[in-house]
Amino acid sequence: MALSDDDVRHVARLAQLDLTDDEITALAPQLAEILAYAEKVSEVAAADVPPTSHPYPLRNVFRDDAIVAEPLSPEVVVANAPDAEDLQFRVPKIMGESS
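Cut-offs and rules
- Residues numbered from 1 in each chain as written.
- Predicted model: local features only at pLDDT ≥ 70, side-chain atom pairs only at ≥ 80, totals over all residues.
- Heavy atoms only, no water.
- Helix = DSSP H or I, 4+ residues; strand = E, 2+ residues; numbered from the N terminus.
- Rg over C-alpha atoms; globule rule 2.2 N^0.38 Å.
- Buried < 20%, exposed > 50% of the residue type's maximum accessible area, 1.4 Å probe, protein only.
- Contact = heavy atoms within 4.5 Å.
- Polar contact = N/O pair within 3.5 Å; in protein donor to acceptor, adjacent residues only side chain to side chain.
- Expected span 1.5 Å × (residues − 1).
- Bend = angle between axes of the 7 residues up to and from the residue.
- Axes fitted to C-alpha atoms, helices over the stretch in contact; angles between N-to-C directions.
- Parallel < 35°, antiparallel > 145°, perpendicular 65-115°, else oblique.
- Nonpolar A, V, L, I, M, F, W, Y, C, P; charged D, E, K, R; others polar.

A. Inspection of the overall build of the chain at higher detail. The helix and strand inventory of the chain stands at three helices and two strands. Along the chain direction, N to C, the helices and strands of the chain fall in the order α-α-α-β-β. Here the chain has a C-alpha radius of gyration of 30 Å; the compact-globule value for 99 residues is 13 Å, and the former is much larger. In terms of overall dimensions, the chain has C-alpha extents of about 75 × 50 × 20 Å along its principal axes. Counting all 99 residues of the chain, 8% fall into the buried class. Sequence-distant contacts, at least 24 apart, represent 23% of the contacts inside the chain between residues at least 6 apart.

Next up, the structure:
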C-alpha cells in the first residue's frame, strides 16, 4: 500500500507533529509498512476468538478479612525501625516543633 505525501501530512497533523517535507518523504514508506502489518493482523483474527487484553485472566488476591489475629506487640513493631525510643518511632522534627 503506497501512501502519498498528503496522507502522511494528514496523519502528522492528527498526531500534532510538525514534519518537514524531507521527513514526510522518508516516513511514507515506513507508515505504509506499519499499515501492511495491521492488515495482516486483521487477516489472522478469527471470528470465534474473543478479543482479549491479557493472555491470562486477571484477578485480585485478597486475604480473608474474617480471620481475626492477635495484634503485634509494640516491641515487634519497632524491632526493625531505623530509630526508635520508648517503643515509638523517632522521626525528624518538622515545622519548628520543640524536642
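B. Up close: the environment of Arg-90. Looking at the element boundaries, Arg-90 is found in the segment after strand 2 (88–89). On a C-alpha basis, the gap between Arg-90 and Val-78 in space is 10.0 Å, while along the polypeptide they are twelve residues apart. Apart from residues no more than four positions distant in its own chain, Arg-90 is found in contact with Asp-83, Ala-84 and Glu-85. Reaching out from Arg-90, the side chain makes a polar contact with the side chain of Glu-85 at a distance of 2.9 Å.

C. Structural context of helix 2 (residues 21–44). Its 24 residues place the ends of helix 2 35 Å apart at the C-alpha level, agreeing with the 34 Å of an ideal helix rising 1.5 Å per residue. Taking the largest bend as the criterion, helix 2 deviates by roughly 35°, centred on Leu-27, and proline Pro-29 comes between one and four positions later. Residues Ile-24, Ala-28 and Ala-32 constitute the buried set of helix 2. The elements touched by buried residues of helix 2 are helix 1 (5–14).

D. Looking closely at the packing of helix 1 against helix 2. Look at helix 1 against helix 2: their axes get within 9 Å of each other, and the N-to-C directions meet at 95°. Overall, the two elements helix 1 and helix 2 adopt an arrangement that is roughly perpendicular. Across the interface between the two elements, Asp-5, Val-8, Arg-9 and Val-11 from helix 1 touch Asp-21, Ile-24, Thr-25, Leu-27, Ala-28 and Leu-31 from helix 2. Class assignment for the residues of the contact of helix 1 with helix 2 results in six nonpolar, one polar and three charged.

Just geometry here; none of it tells us what the structure is for.
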